[in-house]
Protein chains: 2
Amino acid sequence: MAAEIICVGTELLLGDILNTNAQYLAQQLADLGIPHYYQTVVGDNPERLKQVIAIASDRSQILIFTGGLGPTPDDLTTETIADFFGSPLEEKPEIIADITQKYARRGREMTPSNRKQALIPQGADILPNRLGTAPGMIWQPRPNLTIFTFPGVPLEMRQMWQETVVPFLKSQGWGKEIIYSRHLRFWGIAESALAEKVYHLLNLPNPTVAPYASKGEVKLRVSAKAASAQEADRLIQPVEAEIRQIAGLNYFGADDDSLASVVGKLLIEKGETLSVAESCTGGGLGSMLTNIPGSSAYFMGGVISYDNQVKISLLGVSAEDLAQVGAVSDIVAKQMAVGVRDRLNTTWGLSITGIAGPGGGTETKPVGLVYIGLAGPNDLVQSFEHRFNSLQDRALIRHISACTAIDHLRRQLLSTN
Amino acid sequence: MAAEIICVGTELLLGDILNTNAQYLAQQLADLGIPHYYQTVVGDNPERLKQVIAIASDRSQILIFTGGLGPTPDDLTTETIADFFGSPLEEKPEIIADITQKYARRGREMTPSNRKQALIPQGADILPNRLGTAPGMIWQPRPNLTIFTFPGVPLEMRQMWQETVVPFLKSQGWGKEIIYSRHLRFWGIAESALAEKVYHLLNLPNPTVAPYASKGEVKLRVSAKAASAQEADRLIQPVEAEIRQIAGLNYFGADDDSLASVVGKLLIEKGETLSVAESCTGGGLGSMLTNIPGSSAYFMGGVISYDNQVKISLLGVSAEDLAQVGAVSDIVAKQMAVGVRDRLNTTWGLSITGIAGPGGGTETKPVGLVYIGLAGPNDLVQSFEHRFNSLQDRALIRHISACTAIDHLRRQLLSTN
C-alpha cells in the first residue's frame, strides 16, 4: 500500500510557482506513516493527465491530486479522472448551494462557470472546502484504489487535508505508528553555533534531532517514531529538556509558538500592556504582534513614524536630536519608545528605527543598521544596536528587525520575573 | 521533442526539503522554449528509479536528473542510469584529480567513498561542478535521447546548468524560440468572473492566456512563443491591450507591480502624500506600503489604533460614536481616516477597522466585517463596507483588508486624474 502525489498545473511546468503542496503532503504522509514513493507534476492537458493516472493507479493505492479544480476551462482534473475510469459526472446540488452562499456572502452572484465545480463522478464523496469555492472529492473508482482531489490553493488544500482527510485516513487504520515531531524554536543564536552545542544529540536513532534555519530563526526538529503520542512524548521529553537547558534564553518556544505569541502570554500573565513606535518596519512590528488572536488584551496600538515630523509631533522625539544624531540612533530609538509608552499609557513601549535599504545607507550608517528601543516600568529605558548589513534584503531586514525587537522584550519580561 | 525533470531523493519524499530545483529547471526550459510536460520525484531506490527511467525515456527525449550524485551509499543515480541502459561504468582520472585538488584546498584528504563520484557510463561526458565535488554528466545512451545529471545542491546545479548545459542546448539549436510571459494583475474581481469576460482568449494558440488566483488577487499569464523578446512583445501587446480594456479599473499592473507600488507611483506623479490609521490590520497596511523602496517620498506614517482609547486620543474619533455604533462602523472608519490625514498633514488618510477573528464576531458584526475609510483633498471622505466572512482566516482577512484599502485609494487616484 502506497500513496502517490500528482500535482496538476501548467504553472508548475513553467516554473511560475513553487510546488509547496507536494512538500506539505509529503510531510503529512510521513507523519501518518503512509509509504510514498513517487510525485508527479503534469500540465493541464487531459491526454497527458490520463497517462499519468494510468501509471500511478498501477503502482499506488492512494492517489492524491492537487490543482485543476477551478472554474476555468483549463481546470479539468475532475473530469479527466472520471473519464479515465469511465464514470459519468453528476451535479451535486449541495455544492451549488454552498458556492451560491459563498458568493452571496461576498455580495456577488455565482457565475455559470462555477457550475462546473459542482460536477463530481458518480459514487464519489464531496471533500468540503470551507475557504474556497472548489470542493475536492474522495472516490474509490475500484477496489484498493482511493482518490483524493484538492484545489491547488495551499491554504484551502491544507485545511481540507486536516479537517477531512486525516480523520478519514486514521479511520482506515493509518497513523498507528506515527512520527511525532516537536519543533523547538530559538532566536538570537546561529544555526551552526546551536548545532555545535547539541552536536552529541544529532546522531540519536530515536528520537532524531535535526537543525534548520530560516529568516533568522533556528529550529531543532525532534522526531520520535512511536505507537502513540504519549510514547513519543516520553522519548522526546528528556532530549527536549536537555536541549532547552543547553540553549537557555535563546530557546523561546515550540511548535506553533512564535516570538509574538510567547510575549503575548508573558504580558497577559503579568497584566501588562504594550505599544510600538516604528520607523523602518513601517507597521510590520505591530502587524506581527496583532497576528496573534486575542492580542487586544495587551497590545494597545502604536505610531508608524516613518517621517521625522511624525516622530516629533506624535511621539515627542526631540527635533534637535534628530538634526544632530539623525533618526537612526540609539537616542531617537529611546525617545520613540518612551514617547509611545507615555502617550498610549502602556507598561511597555517598543521602538524600531533603522535603514532597511536598498537606498539610504551611508559610510557610517549602512543599510542594515537598526536601533531598537525599549521603555518599561520603573523608568527602564534601553536601546540595542544591530547590524544586519550582510542581509542586504529590504524585506528580510524588516522582518528580522521586528522579530529582534519582540525578542528583546521577551528577554526583559523573563528576566524581571 | 520534450524534456522531463526527474528529481531523486528520499528527503523530497519525506517533505524535508522544498523542490526548488524543479522550479528553477522548469523556468529555464521555458526560457529556452524546450517543451516540458512531466516532472517526477522518486526516492533513492534503484528499482523504482529504473521504472521512472523506463517511463520517461519512452515519452521524452531529454531527461534531466537532479540528486543522488554524492559519495554516500544511498547516492545511486549514475549507476542506476548506466545499469538501465546496460552500459558499464568507467573511472575518469580527471574527476579523481579534480576531487583530490578540491579536498587539498580545504586541507583535507579525499576519502575512498569519493572515488564512486568518478564513475560515469562509457561514452558519457563530464558535466563539471566548479563548486562541489560531485560532477554530473551529459550522455546519449541511444539516438534521440540525451541525459543530464546534476547534484541536488541548488547552487551547484544552477552553476552547472548555466555554465555548461545552456551553451550545449543552444548549440543543439534550442533557445532560438523562447517563451516570454507577461503576468497581468487584477484586484476586485473574482477569477471566474474575469475568466468569463476574457473567455474568448483562453484558447488562443500563441500567445496563450491562463488565469490564476491567490490571496484575493487574480492574474492572467499571457505567454508567447517567439524568436525574440521583441517578437513576443508584438504578439502579446494586442492581447494585453484587449484584456486591459475589458478589465478596466480591475487591472492594476503587470509582472513585478503590486497594489502598493502602483499607488506609490501615482502619489509620486501627483506629488501627494499618504498616512494610515489601522485597527484590525495592526500595522499590516503600513507594512505593505513601506515594503516598497522609496516609499518615504509619499508615505508619512500612521497610527495603529488597536485600542479604542488610542482611536480617541491619537485620531480624534468621537467617544460618543464609538459607544453608540462601535469601532467597526463606517462612521468610525471615516473619522479615523480624517483624523490621521489631518494630524499627519497628508493629502490622503486611509483607515481600516474590522473584525479579523477568530473571536470577536457577533450576529450583526460577524468575523470578516471590515470598513475602510478614505479621506482626501477637497473634503473627500468615503467609507466602504466589506464582508470577508467566508474567509474565516485571520491572516487572510487582514491581508485582503490591507490590499482592498490600497485598491480603494488606487481607484480614487485614477478617477481624479
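Each chain has its residues counted from 1, running along the sequence as written. For this description, chains carry letters from A and ligands carry numbers from 1, given in the order in which they are written. Whole-chain, interface and lining totals are the exception, using all residues; otherwise, since this is a predicted model, local features are given only for residues with pLDDT of at least 70 and side-chain atom pairs are given and counted only at 80 or more. The basis for every side-chain value is the complete set of non-hydrogen atoms in the structure, without hydrogens or water.

Across its full length, chain A holds 14 helices and 17 strands. For chain A, the residues scored as buried account for 56% of the 417 residues in total. By definition in these notes, contact holds between two residues if any of their heavy atoms fall within 4.5 Å. A separation threshold of at least 6 residues defines the contact pool for chain A, and within that pool the share at least 24 residues apart is 66%. Every accessible area reported is derived by Shrake-Rupley at a probe size of 1.4 Å, with residue values counting cover from the shown protein chains alone. In the structure as shown, chain A presents an accessible area of about 16,800 Å², 49% of it carried by carbon and sulfur atoms. Helix numbering and strand numbering both begin at the N terminus, where a helix is a DSSP run of H or I of at least 4 residues and a strand a DSSP run of E of at least 2. Using a 1.4 Å probe on the protein chains alone, a residue whose accessible area is under 20% of its type maximum counts as buried, one over 50% counts as exposed, and one in between counts as partly exposed.

Every contact between the two is made by 75 residues of chain A and, on the other side, 78 residues of chain B. Salt bridges are defined by distance alone: a side-chain nitrogen of Lys or Arg within 4 Å of a carboxyl oxygen of Asp or Glu. At the boundary of chain A and chain B, one finds two salt bridges. The shortest N-O distance in the salt bridge between Arg221(B) and Asp16(A) comes to 2.7 Å. Here a polar contact is recorded for every N or O atom pair within 3.5 Å, except that within protein the pair must consist of a potential hydrogen donor and a potential acceptor, and residues adjacent in sequence are included only if both atoms are side-chain atoms. Connecting chain A to chain B are 37 residue pairs in polar contact (both at pLDDT 80 or more). Among the elements that make up the side of chain A that touches chain B, the one with the highest residue count is strand S2 (residues 36–42) of chain A (seven residues). When its residues are assigned to classes, the side of chain A that touches chain B shows 33 nonpolar, 28 polar and 14 charged. Residue polarity is assigned by list, with Asp, Glu, Lys and Arg as charged and Ala, Val, Leu, Ile, Met, Phe, Trp, Tyr, Cys and Pro as nonpolar; anything else, Gly included, falls into the polar class.

Looking now at the environment of Leu374(B). Residue and element names in this part refer to chain B. Relative to the elements of secondary structure, Leu 374 occurs in strand S16 (residues 369–375). For Leu 374, a relative accessible area of 0% gives the class buried. Taking the C-alpha atoms as reference points, Leu 374 and Val 338, 36 residues apart in sequence, are found 7.6 Å from one another. In this structure Leu 374 touches Ala 337, Trp 348, Gly 349, Leu 350, Leu 380, Val 381, Gln 382, Phe 384, His 408, Leu 409 and Gln 412, once residues within four positions along its chain are discounted.

What UniProt calls "domain: MoaB/Mog" (unreviewed entry) maps, in this numbering, to residues 4–172 of chain A. In the segment residues 4–172 of chain A, helix accounts for 41% and strand for 23%; the C-alpha atoms at its two ends are 17 Å apart. UniProt positions are given in the numbering used here, feature names are shortened, and annotations may be inferred rather than shown by experiment.

A few words now on the pairing of strand S9 (residues 178–187) of chain A. Residues and elements named next belong to chain A. The pairing of S9 with strand S11 (residues 217–226) spans 10 bridges and is classified as antiparallel. For Arg 185, the partnering residue across the bridge sits in S11 and is Lys 219. At least two DSSP bridges between two strands are needed for those strands to be called paired. Bridge analysis of S9 against strand S12 (residues 251–254) gives three bridges, and the strand direction is antiparallel. The residue of S12 that forms the bridge with Leu 184 is Ala 254.

Looking now at the packing of helix H3 (residues 46–59) of chain A against helix H4 (residues 77–84) of chain A. Residues and elements named next belong to chain A. For every element, the axis is a line fit to its C-alpha atoms; helices are fit only across the contacting stretch, and the angle between N-to-C directions ranges from 0 to 180 degrees. The contact between H3 and H4 brings their axes to 10 Å, and the two run at 55°. Accordingly, the angle class assigned to the pair H3 and H4 is oblique. In this structure, H3 crosses over H4, and the sense of that crossing is right-handed. Across from Pro 46, Leu 49, Lys 50, Ile 53, Ala 54 and Ser 57 in H3, the residues of H4 making contact are Thr 77, Thr 80, Ile 81, Asp 83 and Phe 84. When the residues that make up the contact of H3 with H4 are grouped by side-chain class, the tally is six nonpolar, three polar and two charged. Under this scheme an angle from 65 to 115 degrees is roughly perpendicular, one under 35 degrees roughly parallel, and one over 145 degrees roughly antiparallel; angles in between are oblique. Whether a crossing is left-handed or right-handed is set by the direction in which the near helix is turned from the far one by less than a right angle, anticlockwise for left-handed and clockwise for right-handed.

Looking now at the domain arrangement of chain A. All names here are of chain A. In this document the domain limits rely on a domain assignment from an automatic tool or a database. By domain assignment, chain A separates into domain 1 (3–171), domain 2 (178–254) and domain 3 (259–415). The straight-line distance from the C-alpha centre of domain 2 to that of domain 3 is 30 Å. At the junction of the two partners, domain 2 supplies eight residues and domain 3 supplies 11 residues. Buried area, as used here, totals the accessible surface that two parts lose on assembly, with accessibility defined by a 1.4 Å probe and the loss added over both. Around 810 Å² of area is buried between domain 2 and domain 3 when both sides are counted, 67% of it from carbon and sulfur atoms. The largest share of the area that domain 2 buries against domain 3 comes from Trp 187, Leu 249 and Phe 252, three residues that together contribute 74% of it. Considering only residue class, the side of domain 2 that touches domain 3 consists of four nonpolar, three polar and one charged.

Next up on the list: the packing of aromatic side chains. What describes a pair of aromatic rings is the distance from one ring centre to the other and the angle between the planes of the rings. Side-chain rings of Phe, Tyr and Trp, where Trp is taken by its six-membered ring, are said to pair if the distance between their centres is within 6.5 Å; with planes under 30 degrees apart they count as stacked, over 60 as edge-to-face, and otherwise as tilted. All told, the structure shown has 12 aromatic pairs over all chains when counted by the stated rule. Ring geometry for Phe150(A) and Trp161(A): centres 6.0 Å apart, planes at 45°, overall tilted. With Phe150(A) in strand S8 (residues 145–150) and Trp161(A) in helix H6 (residues 154–171), this pair connects stretches of sequence that are 11 residues apart. For the residue pair Phe150(A) and Trp161(A), the accessibility class agrees, reading buried in each case. Measuring from ring centre to ring centre gives 5.5 Å for Tyr306(A) and Phe299(B), while their planes differ by 65°; the resulting arrangement is edge-to-face. With Tyr306(A) in the loop between strand S14 (299–304) and helix H11 (308–315) and Phe299(B) in strand S14 (residues 299–304), the pair connects residues from two separate chains. Comparing Tyr306(A) with Phe299(B) shows no difference in burial state: the two are buried. The criterion for a charge sitting over a ring is simple: Lys NZ or Arg CZ within 6 Å of the ring centre, and within 35 degrees of the ring normal. Above the plane of the ring of Tyr38(B) lies Arg59(B), whose end atom (NZ or CZ) is 3.6 Å from the centre.

Turning next to empty space enclosed by the protein. The rule is simple: put a 1 Å grid over the protein atoms alone, call a set of points where a 1.4 Å probe fits but cannot get out a cavity, call an open set with protein on both sides within 12 Å along at least five of seven lines a pocket, and count a residue as lining if it has an atom within 4 Å of a point. Grid points are joined across faces, edges and corners, and a volume is the space filled by probe spheres set on the points. Within this structure, the stated rule accounts for four cavities of 30 Å³ or more. If you add up the space inside the largest cavity, you get close to 100 Å³. For the largest cavity, the lining is made up of 13 residues, of which Asn19(A), Ala22(A), Gln39(A), Asn19(B) and Val41(B) are closest to its centre. Secondary-structure elements contributing two or more residues to the lining of the largest cavity are helix H2 (20–32) and S2 of chain A together with strand S2 (36–42) of chain B. For the lining of the largest cavity, the element with the most residues is S2(A), which contributes three residues. Its residues assigned to classes, the lining of the largest cavity comprises seven nonpolar, six polar and no charged. Here the second largest cavity is characterised by a volume of approximately 70 Å³. Every element with two or more residues in the lining of the second largest cavity is listed here: H3 of chain A together with helix H3 (46–59) of chain B. Partitioning the lining of the second largest cavity into residue classes produces five nonpolar, two polar and three charged.

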